[in-house]
Amino acid sequence: MSKVIVVTSGKGGVGKTTSSAAFAAGLAAKGFKTAVIDFDVGLRNLDLIMGVERRVVYDFVNVINGEATLKQALIKDKRVDNLYILPASQTRDKDALNTEGVESVINELKEDGFDYIVCDSPAGIEKGAFMALYFADEAIVVTNPEVSSVRDSDRILGILQSRSKVAEEGGTVKEHLLITRYSPERVEGGDMLSMEDIQDILSIPLIGVIPESGSVLQASNSGNPVIMDKESQAGQAYTDVVARFLGEDVPLRFVNPEEKKGFFKKLFG
Amino acid sequence: MGLFSFFKKEKKKNTASLAKERLQILIAHEHSDTSSKAPEYLPKLQEELMVVIRKYVKVNDDAVNVKVEKGDNFDTLELNITLPESK
Ligand SMILES: Nc1ncnc2c1ncn2[C@@H]1O[C@H](COP(=O)(O)OP(=O)(O)OP(=O)(O)O)[C@@H](O)[C@H]1O
Ligand SMILES: [Mg+2]
């Protein structure tokens, strides 16, 4: 049975695309046939983060409009087997995506034996974001430890549980909280919401905490999903997220200042 | 990092708990807004009711309370008018 997972947040720039790329690459590395779809029509970026920008010929909207087949548009990753990327269109037409079109693409992916279909949502609560979440079975809600991001996550959770297809049919979308850009030092210093605070407020299960890390920028510079950087804390934290998603019981890492070797050294040494 | 920056840090210490408190209040409020799903005509209805009621009794703005209760099979519109104390 294939599963559709939306990576969403409401607020922009919190790490949806970074997380979608890492998560999809992680699932594929575990042997699952995975497709990651960029729903950010007009602002295509997943291709860059995944390092496949020069291989884009056709896009999601071309497939929906029958201008290309899904096979032609899907980009097969060269680093990880089982990983496929469907880029967004750069059209400025806001109505380029529609439920019938999106559904037909998702159904075709399911028929093709994809285990996971990861939908990278655009920011906001408008059409693109709605299209990305409408067919979701599960949702990864990306949240930064910051007031507006937490509030927007709460809003998007409300929309997920009222307007998605699963919700319309009386079910519930399985929710996962993914906290990104976390700084344990600042939490300890009292000027950043802690992961416990965020969980208290949103009350959905936590799937992981990704630390603020310079390696994310390095990964995007080079077009490699950060999960492939096995040395980096962010990469390792994403690896843990994938493991938890697949049912493993993995303790949280990089959430306490002590663990960050070198911090006190930086300060005093 | 001198003494000055140390004090500056101390002073800011609890902005995170302030953030949490504000978020909890705000989100509780936003949830009660959507979960009761009050029909859009409610404020207007309340306004017009006031006009009618005031034809007969002198009441304050907060004396009339209109709310919609969700039931299994039907919703009910509850109207509460607190009359002024009769002397
Ligand atoms: N854990 C992290 N540490 C440091 N920087 C990060 C982290 N996660 C994301 N970023 C940075 O934040 C920026 C936004 O990330 P990203 O593009 O993934 O967000 P997004 O939610 O997809 O944005 P949009 O809403 O525009 O689609 C990028 O510059 C990225 O490098
Ligand atoms: Mg994005």
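Residues numbered from 1 in each chain as written. Chains lettered and ligands numbered in written order. Predicted model: local features only at pLDDT ≥ 70, side-chain atom pairs only at ≥ 80, totals over all residues. Heavy atoms only, no water.

S.K.: Please provide a residue-by-residue account of the packing of helix α7 (residues 147-163) of chain A against helix α10 (residues 195-202) of chain A, values included.
M.R.: Angle between the axes and distance between the axes: these two values describe a pair of packed helices. All names here are of chain A. Where α7 meets α10, the closest approach of the two axes is 10 Å, and the angle between their N-to-C directions is 35°. The two elements α7 and α10 cross, and the hand of that crossing is right-handed. Touching V150, S153, D154 and L157 of α7 are I198, I201 and L202, all from α10. When its residues are assigned to classes, the contact of α7 with α10 shows 5 nonpolar, 1 polar and 1 charged. (Axes fitted to C-alpha atoms, helices over the stretch in contact; angles between N-to-C directions. Helix = DSSP H or I, 4+ residues; strand = E, 2+ residues; numbered from the N terminus. Left-handed = near helix turned anticlockwise from the far one by under 90°. Contact = heavy atoms within 4.5 Å. Nonpolar A, V, L, I, M, F, W, Y, C, P; charged D, E, K, R; others polar.)

S.K.: Let's hear about the site of ligand 1: which residues, and what values?
M.R.: Residues and elements named next belong to chain A. Lining the immediate environment of ligand 1, one finds 15 residues, of which G13, K16, T17, T18 and S213 sit closest. Contact between ligand 1 and V14: an oxygen atom at 3.2 Å from a main-chain N or O atom of the residue. Contact between ligand 1 and G15: an oxygen atom at 3.0 Å from a main-chain N or O atom of the residue. Alone, ligand 1 offers 640 Å² of accessible surface; in the complex the protein occludes 77% of this. Among the elements of the structure, α1 (16-29) and β8 (206-211) are those that each provide at least two residues to the shell around ligand 1. Of the residues forming the shell around ligand 1, the biggest block, 3 residues, is contributed by α1. (Near = heavy atom within 4 Å. Polar contact = N/O pair within 3.5 Å; in protein donor to acceptor, adjacent residues only side chain to side chain. Areas by Shrake-Rupley, 256 points an atom, 1.4 Å probe, with all protein chains shown as cover.)

S.K.: Give a detailed account of the pairing of strand β2 (residues 34-38) of chain A, specifying residues and quantitative values.
M.R.: Residues and elements named next belong to chain A. Counting buried positions along β2 gives 5 out of 5 residues, so the element sits mostly inside the fold. As paired elements, β2 and strand β4 (residues 83-86) share 4 bridges and run parallel to each other. When the sheet's bridge partners are listed, A35 is paired in β4 with Y84. Here 5 bridges tie β2 to strand β5 (residues 116-120), and the two strands are oriented parallel to one another. Note that in β5 the partner of I37 across the bridge is C119. (Buried < 20%, exposed > 50% of the residue type's maximum accessible area, 1.4 Å probe, protein only. Pairing = 2+ DSSP bridges.)

S.K.: An account of empty space enclosed by the protein is requested, with residue identities and associated values reported.
M.R.: Residues and elements named next belong to chain A. If you walk through the whole model with that rule in mind, you get 1 cavity of 30 Å³ or more. Around the largest cavity sit T18, A21, I49, V216, A219, S220, N224, P225 and V226, which together line it. At the level of secondary structure, the elements contributing two or more residues to the lining of the largest cavity comprise α1 and α11 (214-222). Examining the composition of the lining of the largest cavity, we find that 3 residues originate from one element, α11, more than from any other. (1 Å grid on protein atoms, 1.4 Å probe; cavity = no way out; pocket = protein on both sides within 12 Å on 5 of 7 lines; lining within 4 Å. Points joined across faces, edges and corners; volume = space filled by probe spheres on them.)

S.K.: Requested: an account of the nonpolar core, with residues and values cited.
M.R.: All names here are of chain A. Within the largest apolar cluster, 55 residues are counted, with the highest numbers of intra-cluster contacts made by F39, F60, V102 and L109. Ignoring anything within four residues of it in the chain, the contact list for L109 reads A35, I37, L70, L74, F114 and I117. Ranked by size, the runner-up nonpolar core spans 37 residues in total, among them L46, L83, I227 and F254. (Core = buried A, V, L, I, M, F, W, Y, C linked by side-chain atoms within 4.5 Å.)

S.K.: Talk me through the sheet that holds strand β7 (residues 174-182) of chain A; I want residue IDs and the actual numbers.
M.R.: Residue and element names in this part refer to chain A. Taken in spatial order, the 8 strands make up an open sheet running β3-β4-β2-β5-β1-β6-β7-β8, and their pairing is mixed. Each edge of the sheet is formed by a strand with only one pairing partner; in this case those strands are β3 (75-76) and β8. Sheet contacts for α1: β1 (3-8), β2, β4, β5, β6 (138-143) and β7; angle to β5, the most-contacted strand, approximately 170°. Taken strand by strand, helix α5 (residues 99-111) contacts β1, β2, β4 and β5, and its axis lies near 150° from that of β5.

S.K.: So what's going on with the pattern of salt bridges? Residues and values would help.
M.R.: Scanning all chains against the criterion turns up 15 salt bridges over all chains. Put simply, A:K3 and A:E138 hold a salt bridge, and the shortest N to O gap is 3.2 Å. Of this pair, A:K3 sits in strand β1 while A:E138 sits in strand β6, and the two are 135 residues apart along the sequence. A relative accessible area of 33% places A:K3 in the partly exposed class. Put simply, B:K20 and A:D197 hold a salt bridge, and the shortest N to O gap is 3.5 Å. In this pair, B:K20 sits in helix α2 (residues 15-36) while A:D197 sits in helix α10, so the two residues belong to two different chains. (Salt bridge = Lys/Arg side-chain N within 4 Å of Asp/Glu carboxyl O.)

S.K.: Outline the interface of chain A and chain B, listing residues and values.
M.R.: Counting residues at the interface gives 12 residues for chain A, matched by 13 residues for chain B. Carbon and sulfur atoms supply 63% of the area that chain A and chain B bury against each other, a total of about 1,200 Å² over both sides. For chain A, the biggest contributors to the area lost against chain B are A:R151, A:D154 and A:I201; these three give 38% of the whole. Counting across the interface, chain A meets chain B through 3 salt bridges. Residue assignment for the side of chain A that touches chain B shows that the elements contributing at least two residues are α7 and α10 of chain A. The element contributing the most residues to the side of chain A that touches chain B is α7(A), with 4 residues. Grouping the constituent residues of the side of chain A that touches chain B by class yields 5 nonpolar, 2 polar and 5 charged. (Buried area = accessible area lost by both parts, 1.4 Å probe.)

S.K.: Tell me what's going on with a nonpolar patch on the surface, and back it up with residues and numbers.
M.R.: Residues and elements named next belong to chain B. A surface patch of nonpolar side chains, about 350 Å² in accessible area, is lined by V51, V52 and Y56. One can find V52 in helix α3 (residues 42-56). We classify V52 as partly exposed; its relative accessible area is 44%. (Patch = residues over 30% accessible without salt bridge, like charges linked within 9 Å, V, L, I, M, F, W, Y side chains within 5 Å.)

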